Every structure is written in C-alpha cells, then in structure tokens.
Amino acid sequence: MKPRVEKKDLHRINNAIRVPEVRLVGENVELGVYKTSQALQMAEQQELDLVEISPNAAPPVCKIIDYKKFLYEQKKRDKMLKAKSTQITVKEIRFGPQTDEHDYEFKKKNAVKFLKEGSKLKAFVFFKGRSIIYKDQGQILLLRLAQDLEEFGKVESMPVLEGKRMTMFIAPKKKK
C-alpha cells in the first residue's frame, strides 16, 4: 500500500512566506513594497491572511485576504467554467464502397441521431483488398451523405483518402 501524499497548498500564506520583502496589492492596503514582517502585521490588524499570489515576481506579490474565502471563490469559479465548457464527442459511421440502399438509410438515420445529440460525425468508407478501385463510388457515397445531412450538420472537411480509408467530418449545427 502506497503512503498517502498530502496535497500541498497552492499558495504560501502568513509565516510560510520566507522572503525579506513583498509587494502588497489589494483592497484596504496602500500599494507598495513592504518588509514581510510589516505586511504580516498589517494582515493581523485586519484579521486576514497574507497570501503569496505571484511567487516568481521580484519581489513576490502578496495580497491581504481571507484565504478560506479566496479558495472557496476560486473553486466556485472553476466549477462554473467547467459547467460552461462543452464536451465534444466524435461518433463514427463506417461504409463499404458498395453499401446498398437499406444499409445506407439505416446508417444515415443513426448519423442524424448523433448530430441531434450534438456529437461530431466521422463518416468513412473502408476499402478492403482490391475494392480501392471503387474510390470514386466511396466519394460519391460520402458526398451524398453530406447532402442528406445538410439540415442537421455542416461538413467540416471534405472526403479525403488516407490509405484504405476515405474520411469526412460533419459538425452539428448550433441550436437556436
């Protein structure tokens, strides 16, 4: 069993700041360079913490704030950013160069479903053995699919032949 490693704080606070001078910024403070002991006294008078914000600056930048409240707000802000960011998934649909009508319709129906869910679509034609001689049929098939899915998504990249695969990407249209 591995020993548990304590998560180190992101910022140095109060007596953990070991430099002789710090640059003080923030509210309720006159901006400037102060001795660390003087900055600590100012923080104690306001019943707040001296937090090192930018340790690589010369001298390091510190702020007098309530550290727990600062961490809470930072966590809240990170959570909001994560909620706003969207996860893009890529779904694949595979065809053969001579896919018949029923199979095409079935795969097209799945493609519509994927695009409505908001996923990107990677449609490709796989050429086995000597079927590479039908690459024009594969391109026609992918272009037909792009045309049929026009109202649900837009083509990001036209069909491209890479080895034995002809690939095309379709991105979902934005919901209004």
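Before reading further, recall that the structure is shown in the block above.
Residues numbered from 1 in each chain as written. Predicted model: local features only at pLDDT ≥ 70, side-chain atom pairs only at ≥ 80, totals over all residues. Heavy atoms only, no water.

Asks: Quick question: what am I supposed to make of the sheet that holds strand 7 (residues 153–162) here?
Replies: Strand pairing within a sheet occurs via backbone hydrogen bonds; the two strands may be parallel or antiparallel. Pairing within the open sheet is mixed, and its 4 strands lie in the order 5-6-8-7. Each end of this open sheet is capped by a strand with a single partner; those strands are strand 5 (90–95) and strand 7. Within the sheet, the average angular offset between the axes of one strand and its neighbour, ignoring direction, is 20°. Here strand 7 pairs with strand 8 (residues 165–172) via 7 bridges, running antiparallel. Within strand 8, the position partnered with Gly153 by the bridge is Pro172. (Pairing = 2+ DSSP bridges. Helix = DSSP H or I, 4+ residues; strand = E, 2+ residues; numbered from the N terminus. Axes fitted to C-alpha atoms, helices over the stretch in contact; angles between N-to-C directions.)

Asks: Which parts of the structure should I look at to understand unusual backbone geometry?
Replies: Generally, phi is negative for residues other than glycine and the peptide bonds are trans, each holding for most cases. In this structure, the amide linkage connecting Ala58 to the following residue, Pro59, adopts the cis form with an omega of -10°. Here Pro59 is to be found in the loop between strand 3 (49–54) and strand 4 (61–65).

Asks: Looking at this structure, how should I read the sheet that holds strand 1 (residues 21–25)?
Replies: The mixed open sheet is built from 4 strands, whose spatial order is 2-1-4-3. Each edge of the open sheet carries a strand with a single partner, namely strand 2 (32–35) and strand 3. Across the sheet, the mean angle from the axis of one strand to that of its neighbour is 45°, orientation sign disregarded.

Asks: How should the pairing of strand 1 be read in this particular structure?
Replies: Every regular strand shows the same layout, with side chains that alternate between the two sheet faces. Burial along strand 1 is one-sided: the face carrying Val22 and Leu24 is buried and the face carrying Glu21, Arg23 and Val25 is not. Pairing of strand 1 with strand 2 involves 4 bridges; the strand directions are antiparallel. Its bridge partner lying in strand 2, Val22 is registered against Tyr34. From the end of strand 1 to the start of strand 2, which pair antiparallel, there are 6 residues, and Gly26 there has a positive phi angle of about 120°. (Buried < 20%, exposed > 50% of the residue type's maximum accessible area, 1.4 Å probe, protein only.)

Asks: Just to check I follow, could you spell out the packing of helix 3 (residues 101–117) against helix 4 (residues 135–148) for this structure?
Replies: Helix-helix packing is characterised by the crossing angle of the two axes and by the distance between the axes. One way to put it is that helix 3 packs onto helix 4 with a least axis distance of 11 Å and a crossing angle of 45°. Viewed along their axes, helix 3 and helix 4 adopt a mutual orientation that is oblique. You can see that helix 3 and helix 4 cross each other, and the crossing is right-handed. The segment helix 3 lies against helix 4, with Glu101, Tyr104, Glu105 and Lys108 engaging Leu141, Arg144, Leu145 and Asp148. Grouping the constituent residues of the contact of helix 3 with helix 4 by class yields 3 nonpolar, no polar and 5 charged. (Parallel < 35°, antiparallel > 145°, perpendicular 65-115°, else oblique. Left-handed = near helix turned anticlockwise from the far one by under 90°. Contact = heavy atoms within 4.5 Å. Nonpolar A, V, L, I, M, F, W, Y, C, P; charged D, E, K, R; others polar.)

Asks: What's the story with the nonpolar core in this structure? I'm lost.
Replies: A general tendency of soluble globular proteins is for nonpolar side chains to be buried together. Phe95, Leu121, Val125, Leu142, Leu145 and Leu149 are the most contacted members of the largest nonpolar core, which has 19 residues in total. Mapped onto this core, the elements with two or more residues apiece are strand 5, helix 3, strand 6 (120–126), helix 4 and strand 8. A total of 5 residues in this core trace back to one element, the largest contributor, which is helix 3. Residues within four places of Leu145 in sequence aside, it is in contact with Phe95, Tyr104, Lys108, Ala123 and Met168. Counting 12 residues, the second-largest nonpolar core is a separate cluster that includes Ile17, Tyr34, Leu40 and Leu50. (Core = buried A, V, L, I, M, F, W, Y, C linked by side-chain atoms within 4.5 Å.)

Asks: I tried to follow helix 1 (residues 36–45) on my own but got confused; where do I start?
Replies: Every α-helical turn comprises 3.6 residues, leaving residues that sit three or four positions apart pointing alike. Of the positions making up helix 1, those classed as buried are Thr36, Ala39, Leu40, Met42 and Ala43. With its buried residues spanning 160° around the axis, helix 1 presents them on a single face. Exposed side chains of helix 1 directed beyond 90 degrees from the buried face belong to Gln41, Glu44 and Gln45. In this structure, the buried residues of helix 1 make contact with strand 1, strand 2, strand 3 and strand 4. (Arc of directions from axis to C-beta.)

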